[in-house]
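Chain by chain, the residues:
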Amino acid sequence: MRTQSETFKFTRARKVAHGRFAHANTDAIGVLQFWTALGAGRSGEILSEPGDECLVARVTYPLQQGMLATSELHQCCVARGITRESVED
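Residues numbered from 1 in each chain as written. Predicted model: local features only at pLDDT ≥ 70, side-chain atom pairs only at ≥ 80, totals over all residues. Heavy atoms only, no water.

Tell me about the overall build of the protein chain, and name the residues and values.
Within the protein chain one finds 2 helices and 4 strands. Scanning the protein chain from its N terminus toward the C terminus, one meets helices and strands in the order β-α-β-β-α-β. Residues counted as buried form 38% of the 89 residues belonging to the protein chain. A total accessible area of about 5500 Å² is found for the protein chain, and carbon and sulfur atoms account for 51% of it. (Helix = DSSP H or I, 4+ residues; strand = E, 2+ residues; numbered from the N terminus. Buried < 20%, exposed > 50% of the residue type's maximum accessible area, 1.4 Å probe, protein only. Areas by Shrake-Rupley, 256 points an atom, 1.4 Å probe, with all protein chains shown as cover.)

Describe in detail the sheet that holds strand β3 (residues 54-62), supporting the description with residues and values.
The sheet built from 4 strands is open, its strands ordered β2-β3-β1-β4 with antiparallel pairing. Strands at the two margins of the open sheet, each flanked by one partner only, are β2 (43-46) and β4 (82-86). Within this sheet the neighbouring strands show an average axis-to-axis angle of 35°, counted without direction. By the bridge criterion, 4 bridges tie β2 to β3 in an arrangement that is antiparallel. Bridge pairing in β3 links Ile-46 to Ala-57. The strands that helix α1 (residues 24-37) touches are β1 (3-12), β2, β3 and β4; relative to β3, the one it contacts most, it runs at about 5°. Sheet contacts for helix α2 (residues 66-79): β1, β3 and β4; angle to β4, the most-contacted strand, approximately 135°. (Pairing = 2+ DSSP bridges. Axes fitted to C-alpha atoms, helices over the stretch in contact; angles between N-to-C directions. Contact = heavy atoms within 4.5 Å.)

Outline the pattern of salt bridges, supporting the account with residue identities and numerical values.
Counted according to the given criterion, the structure contains 3 salt bridges. In this structure, Glu-45 engages Arg-58 in a salt bridge whose closest nitrogen and oxygen atoms are separated by 2.9 Å. Placement of the pair is Glu-45 in strand β2 and Arg-58 in strand β3, with a sequence separation of 13 residues. (Salt bridge = Lys/Arg side-chain N within 4 Å of Asp/Glu carboxyl O.)

Here is the structure:
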């Protein structure tokens, strides 16, 4: 199975005063866990030491899930008050 990997920096969305938890990284970990459970072959590898303000992680998903996987990742982020930006590997 061919896969696609992308690296993102997850932070608290500016429009949201707070998410479910006190620290953005806790909500970001929740996003990754929920997103990986939504589709077979998905994974989220944390690359940074968890800090209060952000989390860097590599997400991997099967190529055939392409648009669906990225759309669901976006929806998971919005639901938890998290924003993500691409980071070069």
